[in-house]
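Geometric and topological summary
Spelled out, the chains give:
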Amino acid sequence: MEELKKVLASLLSEKLYHIIISNPRQKEGAFKIKIRPVLVKEHILFQKTVYEGTKVFHENMDRQEALKIILKLMEQDFKQLEGESRELKATVLVSKKGKVTVKTMKKKTESDAERAAVSWDLSHNRVKKYILEEGRAVPFLVDLGVQTKEGKIVHSRYDKFRQINRYLEFVEDILPVFDKKESIHIIDFGCGKSYLTFALYYYLHELRGYDVVITGLDLKEDVIDHCNRLAGEYGYDKLTFLKGDIAGFEGTGKVDMVVTLHACDTATDHALKKAVDWNAKVIFSVPCCQHEVNKQISSKELAPVLKYGLIRERMSALLTDAVRANLLEEQGYDTQILEFIDMEHTPKNILIRAVKNNKYGKTGISEVTDFLHVDTTFQKLLKEK
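Fair warning: this is a prediction, and the values are worked out from it, not measured in the lab.

Cut-offs and rules
- Residues numbered from 1 in each chain as written.
- Predicted model: local features only at pLDDT ≥ 70, side-chain atom pairs only at ≥ 80, totals over all residues.
- Heavy atoms only, no water.
- Helix = DSSP H or I, 4+ residues; strand = E, 2+ residues; numbered from the N terminus.
- Rg over C-alpha atoms; globule rule 2.2 N^0.38 Å.
- Buried < 20%, exposed > 50% of the residue type's maximum accessible area, 1.4 Å probe, protein only.
- Contact = heavy atoms within 4.5 Å.
- pLDDT = per-residue confidence, 0-100.
- Core = buried A, V, L, I, M, F, W, Y, C linked by side-chain atoms within 4.5 Å.
- Patch = residues over 30% accessible without salt bridge, like charges linked within 9 Å, V, L, I, M, F, W, Y side chains within 5 Å.
- Areas by Shrake-Rupley, 256 points an atom, 1.4 Å probe, with all protein chains shown as cover.
- Salt bridge = Lys/Arg side-chain N within 4 Å of Asp/Glu carboxyl O.
- Expected span 1.5 Å × (residues − 1).
- Pairing = 2+ DSSP bridges.
- Axes fitted to C-alpha atoms, helices over the stretch in contact; angles between N-to-C directions.
- Phe/Tyr/Trp six-rings, centres within 6.5 Å; stacked < 30°, edge-to-face > 60°.
- Lys NZ or Arg CZ within 6 Å of the ring centre and 35° of its normal.

**A word on the overall build of the protein**
- Each helix and strand in the protein was counted, giving 13 helices and 14 strands.
- Computed over its C-alpha atoms, the radius of gyration of the protein comes to 23 Å, within 12% of the 21 Å expected for a compact globule of 385 residues.
- Across its three principal axes, the protein shows a C-alpha extent of roughly 65 × 50 × 40 Å.
- In the protein, which comprises 385 residues, the share counted as buried stands at 48%.
- Residue pairs in contact within the protein that sit at least 24 positions apart in sequence constitute 65% of those at least 6 positions apart.

**Examining unusual backbone geometry**
- Even without being glycine, Asn358 reaches a positive phi, approximately 60°.
- By secondary structure assignment, the location of Asn358 is in the loop between β14 (350–356) and α12 (365–371).

**Details of the confidence of the model for the protein**
- In this model, the protein carries a mean pLDDT of 85, and residues with pLDDT of at least 70 account for 90%.
- Long-range and interchain partners of residues 123–127, a stretch whose pLDDT sits below 50, account for 17 contacts in this model, where long-range means more than four residues apart.
- Every residue in residues 342–347 is under pLDDT 50, and counting partners more than four places away or in other chains gives five contacts.

**Examining the nonpolar core**
- Judged by nonpolar contacts, the single largest core of 50 residues is most densely connected at Phe140, Tyr167, Phe198, Leu204, Tyr236 and Phe284.
- No other element matches helix α6 (residues 195–207), which puts nine residues into this core.
- Grouped together as the second largest cluster of nonpolar side chains are 30 residues, Phe189, Ile246, Val293 and Phe378 included.

**Some thoughts on a nonpolar patch on the surface**
- Taken together, the side chains of Val305, Tyr308 and Ile311 define a hydrophobic patch exposed on the protein surface, amounting to about 260 Å² of accessible area.
- Residue placement: Ile311 occurs in helix α11 (residues 309–330).
- Residue classification places Ile311 among the partly exposed positions, given a relative accessible area of 37%.

**Some details on helix α5 (residues 158–174)**
- Here α5 is 17 residues long and its end C-alpha atoms lie 25 Å apart, about the 24 Å a rise of 1.5 Å per residue gives.
- Most of α5 is tucked away, with 14 of its 17 residues classed as buried.

**A look at the environment of Val212**
- For Val212, the position within the fold is in strand β9 (residues 212–218).
- A relative accessible area of 0% places Val212 in the buried class.
- Taking the C-alpha atoms as reference points, Val212 and Leu12, 200 residues apart in sequence, are found 37 Å from one another.
- The residues touching Val212, leaving out its near neighbours within four places in the chain, are Ile184, Tyr201, Leu204, His205 and Lys238.

**Some remarks on the pairing of β9**
- Burial analysis of β9 places six of its seven residues in the buried class, the great majority of the element.
- The pairing of strand β8 (residues 184–189) with β9 spans six bridges and is parallel. When the bridges of β9 are listed, Asp188 appears paired with Gly216.
- One ladder, built from five bridges, connects β9 with strand β10 (residues 239–243); its direction is parallel.

**With respect to the sheet that holds strand β2 (residues 32–40)**
- A sheet is described by the order of its strands in space; here seven strands give the open sequence β4-β3-β2-β1-β5-β6-β7, paired in antiparallel fashion. Both outer strands of the open sheet, β4 (55–61) and β7 (100–106), are each paired with one neighbouring strand and no more. On average, each strand axis in the sheet is inclined to that of its neighbour by 15°, with strand direction left out of account.
- Here helix α1 (residues 2–11) sits on the sheet and contacts β1 (16–24), β5 (78–85), β6 (88–94) and β7; the angle it forms with β6, its principal contact strand, is near 150°.

**Quick notes on the packing of aromatic side chains**
- Tallied over the entire structure, the rule returns eleven aromatic pairs.
- Through a chain of ring-to-ring contacts, three or more aromatic side chains come together here, namely Phe140, Phe198, Tyr201, Tyr202, Tyr234, Tyr236 and Phe241.
- We note Lys32 situated over the ring of Tyr51; from NZ or CZ to the ring centre the distance is 4.7 Å.
- Sitting above the plane of the Tyr210 ring, Lys180 keeps its charged end 5.2 Å from the centroid.

**As for the sheet that holds β10**
- The mixed open sheet is built from seven strands, whose spatial order is β10-β9-β8-β11-β12-β14-β13. Each edge of the open sheet carries a strand with a single partner, namely β10 and β13 (333–339). This sheet shows a mean twist of 15° between the axes of neighbouring strands, independent of strand direction.
- Against the sheet, helix α7 (residues 221–234) contacts β9 and β10, and its axis sits at roughly 165° relative to β10.
- Most of the contacts of α11 go to β13, to which it runs at about 155°, and overall it touches β12 (282–288), β13 and β14.

**A word on the pattern of salt bridges**
- Counted under the stated rule, the structure contains 15 salt bridges.
- Between Glu172 and Lys32 there is a salt bridge, with its nearest N and O atoms 3.8 Å apart. One end of the pair, Glu172, is in helix α5; the other, Lys32, is in strand β2, and 140 residues separate them in sequence.
- In this structure, the salt-bridge partner of Asp277 is Lys273, at a minimum N-O distance of 2.8 Å.

**Observations regarding the pairing of β14**
- With seven of its seven residues buried, β14 lies for the most part within the structure.
- Bridge count for β12 against β14 is four bridges, and the pairing is antiparallel. Paired with Ile283 across the two strands is Ala354, which belongs to β14.
- Sheet topology note: the β13/β14 ladder contains seven bridges and is antiparallel. The residue bridging Ile337 from the neighbouring strand is Ile352, located in β14.

This is how it looks when you write it as structure tokens:
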């Protein structure tokens, strides 16, 4: 482990992109751990992200603690480590008998522009190597105006670039649910201009090699025609777009994953009901425009709070998503509510991520909705089942 200790000592600095620890010795527990630097109150720390089943845990550590923990993980729990910094690439393999093999490669000197980009990212706690790499041109990102033809990120579109990568990180977390030997059928309800749909296909099929069939659904015929044309130009032969309404869509059998991003008001509920009926393994939903509960919610005890329109609106939106998440749990899903993009951009962009675990049971959410005199569309749809 002495050679590994020396490599880690070189990697663990503000120049680190990431360290990925994988290939666990046991089936139980974490299947992957990521380490990356973050800037906290002007101090460089190292954030450990642990992926365990569908759960994700975060912890910040100083350099010495990170070094100690990584060494322990490789001695006891994992067989593989990959690390990359601005100066070094390293691969570490540990055999069943404990033999450690370390391979390193020094990188070419980076340009001033690359150094500046890493420095800028560090000041925003975002030192990382994105899933869609900067400097590598992706056709749909170029057409979106996010990248130049040379692969550089357009400065004014950097938030969009981060949002797309954040979305793909959420997707990366749930990949263990799928068997790479089988075809994955994904429905994207209310796909709109579909930049995230294209990103999903590109990531799963082009980068990760999964056999995916993705169907995008939207009401706007011109948008559907445009997206189909682009899919044809990119050679995405298993990505198609159809015109249709979420509630009335019946054009498929087996569905493995349902995506509904920014489907307005109760359209989200119809999409979630479809996903439940299909017994989808994974559901991604970013709701918006939650008006239904705002019209219903009432409580004598909360009247002093609900009398303020803005407070009522925000409470109603949060309650709507909490009800949806709990109802999905009752339908046998492990459900999380995650921040999709920074809250400073919009207070409504949260993601409901649900992964089928077949654990059914009451959550107590019906008592909450009864207390607040709320009966949502999702509740009504599930009663029809």
